[in-house]
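Residue-level listing of the chains:
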Amino acid sequence: MPANKSADRALAAFKGDTSKRLGLTVGKHTAVEPESYIPRAEAQSPPEIMYPAASPDKAYLIMCLDLDAPFKSLPILGPIWHWCQSGVKLSSGDAPGKLEWSEPPVVNYIGPAPPPGASPHRYVFFLYEQPAGFDAMAHAPAKGKEVGPTSRMWFSLDDWEAKVGLGEVLALNYFTSN
């Protein structure tokens, strides 16, 4: 399992600081609280994202990881990369802090899919400021293909942050599912 010190640091900092909570609406579940349980069938589409501190002059990047694959007690395949969306910007609509995107994802979203008998996994959504000059197409599969399962396993958030020049996690939130 790759080291993911960044994820551990972000989760630790998040525990006591609600200002770092990313707003999530997952299916019919609005204002998702950390550790909320959401059935897998209700989380198969990317969530709506809210970040009240978002700046209209900045672009953001969202990542989602399953930290507990295949089993929370034996996470030998994880983390699994569930999503990477660049070009995320503050919506011009009425909802304060709502984020939106129109670009194709760097890594297409896949919903929860723990194996039968697994306890609920944590699906963590991380928000970063997108680095200037970030080229999504340089990191996405060629010709708009989707990322396969093997390429998602053993994901190192630390390595990817260094590779693309991401700064600290601005906000995060997570739910559990099985």
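Residues numbered from 1 in each chain as written. Predicted model: local features only at pLDDT ≥ 70, side-chain atom pairs only at ≥ 80, totals over all residues. Heavy atoms only, no water.

Going by the annotation in an unreviewed UniProt entry, the name recorded for the protein chain is Protease inhibitor, with Apiospora saccharicola given as the source organism.

**Thoughts on the layout of surface pockets**
Unfilled space is identified by rolling a water-sized probe across the atoms. To be explicit about the condition: A cavity, in this analysis, means grid points on a 1 Å lattice covering only the protein atoms where a 1.4 Å probe fits yet has no way out; a pocket is instead an open set bounded by protein on both sides within 12 Å along at least five of seven lines, and a residue lines either one if it has an atom within 4 Å of a point. Grid points are joined across faces, edges and corners, and a volume is the space filled by probe spheres set on the points. A run of H or I in DSSP counts as a helix once it spans at least four residues, and a run of E counts as a strand once it spans at least two, with each numbered from the N terminus. Put simply, Ala, Val, Leu, Ile, Met, Phe, Trp, Tyr, Cys and Pro go in the nonpolar bin, Asp, Glu, Lys and Arg in the charged bin, and everything else, Gly too, in the polar bin.
Taken as a whole, the largest pocket holds about 200 Å³ of empty space. Around the largest pocket, the lining comprises 15 residues; the ones closest to its centre are Ala69, Ile80, His82, Ala113 and Met153. For the lining of the largest pocket, the secondary structure elements donating two or more residues are strand S5 (80-90), strand S7 (121-129) and helix H3 (149-152). For the lining of the largest pocket, the residue count by class is 11 nonpolar, two polar and two charged.

**Notes on the pairing of S7**
Under the convention used in this document: Think of it in three bands: with a 1.4 Å probe and only protein chains considered, a residue is buried below 20% of the maximum accessible area for its type, exposed above 50%, and partly exposed in between. For two strands to be treated as a pair, DSSP must find at least two bridges joining them.
In terms of burial, S7 is a largely internal element, seven of the nine residues being buried. Bridge analysis of strand S4 (residues 60-66) against S7 gives seven bridges, and the strand direction is antiparallel. When the sheet's bridge partners are listed, Cys64 is paired in S7 with Phe125. The pairing of S7 with strand S8 (residues 171-177) spans seven bridges and is antiparallel. When the sheet's bridge partners are listed, His121 is paired in S8 with Ser177.

**Thoughts on the sheet that holds strand S3 (residues 48-50)**
The condition that has to hold: Note on contacts: a residue pair is in contact if any heavy atoms of the two residues lie within 4.5 Å. Note on geometry: axes are C-alpha line fits, over the in-contact stretch for helices, and angles between N-to-C directions span 0 to 180 degrees.
Sheet architecture is open: eight strands sit in the order S1-S3-S6-S5-S4-S7-S8-S2, paired in mixed fashion. Two strands in the sheet have a free side with no partner beyond their single neighbour: strand S1 (23-25) and strand S2 (36-37). Relative to S8, S2 runs parallel, the two being bridged by two bridges. When the sheet's bridge partners are listed, Ser36 is paired in S8 with Phe175. Along the sheet, helix H1 (residues 5-15) contacts S7 and S8; its crossing angle with S8, the most-contacted strand, is approximately 95°. Most of the contacts of helix H4 (residues 157-164) go to S4, to which it runs at about 160°, and overall it touches S4, S5 and S7.

**Description of the packing of H1 against H4**
We count it as follows: An angle counts as roughly parallel when it lies under 35 degrees, as roughly antiparallel when it exceeds 145, as roughly perpendicular when it falls between 65 and 115, and as oblique in every other case.
In the contact formed by H1 and H4, the axes pass within 6 Å of each other and the chain directions differ by 100°. The angle between the axes of H1 and H4 places the two elements in the roughly perpendicular class. Of H4, the residues touching H1 (which contributes Lys5, Ser6 and Ala7) are Leu157, Asp158 and Glu161. Across the contact of H1 with H4, the residue classes tally to two nonpolar, one polar and three charged.

**Considerations on the state of the cysteines**
Selection rule: Cysteine sulfur pairs qualify as disulfides if the two atoms are within 2.5 Å.
Counting across every chain of the model gives zero disulfides. Cysteine Cys64 remains unbridged, with the sulfur of Cys84 as its closest cysteine sulfur at 11 Å. On the basis of relative accessible area, Cys64 is assigned to the buried category, the value being 2%. Assessed through its relative accessible area of 0%, Cys84 is described here as buried.

**A look at the side chain of Asn108**
Quick reminder of the rule: Between N or O atoms, a polar contact is any pair within 3.5 Å; within protein, one atom must be a potential hydrogen donor and the other a potential acceptor, and residues adjacent in sequence are included only when both atoms are from side chains.
Relative to the assigned elements, Asn108 resides in the loop between strand S6 (98-100) and S7. Note on Asn108: relative accessible area 12%, which makes it buried. In terms of polar contacts, Asn108 uses its side chain to reach the backbone amide nitrogen of Val147, at 2.8 Å. At 3.0 Å, the side chain of Asn108 and the side chain of Arg152 are in polar contact. With residues up to four places along the chain from it excluded, the contact list for Asn108 reads His82, Trp83, Glu146, Val147 and Arg152.

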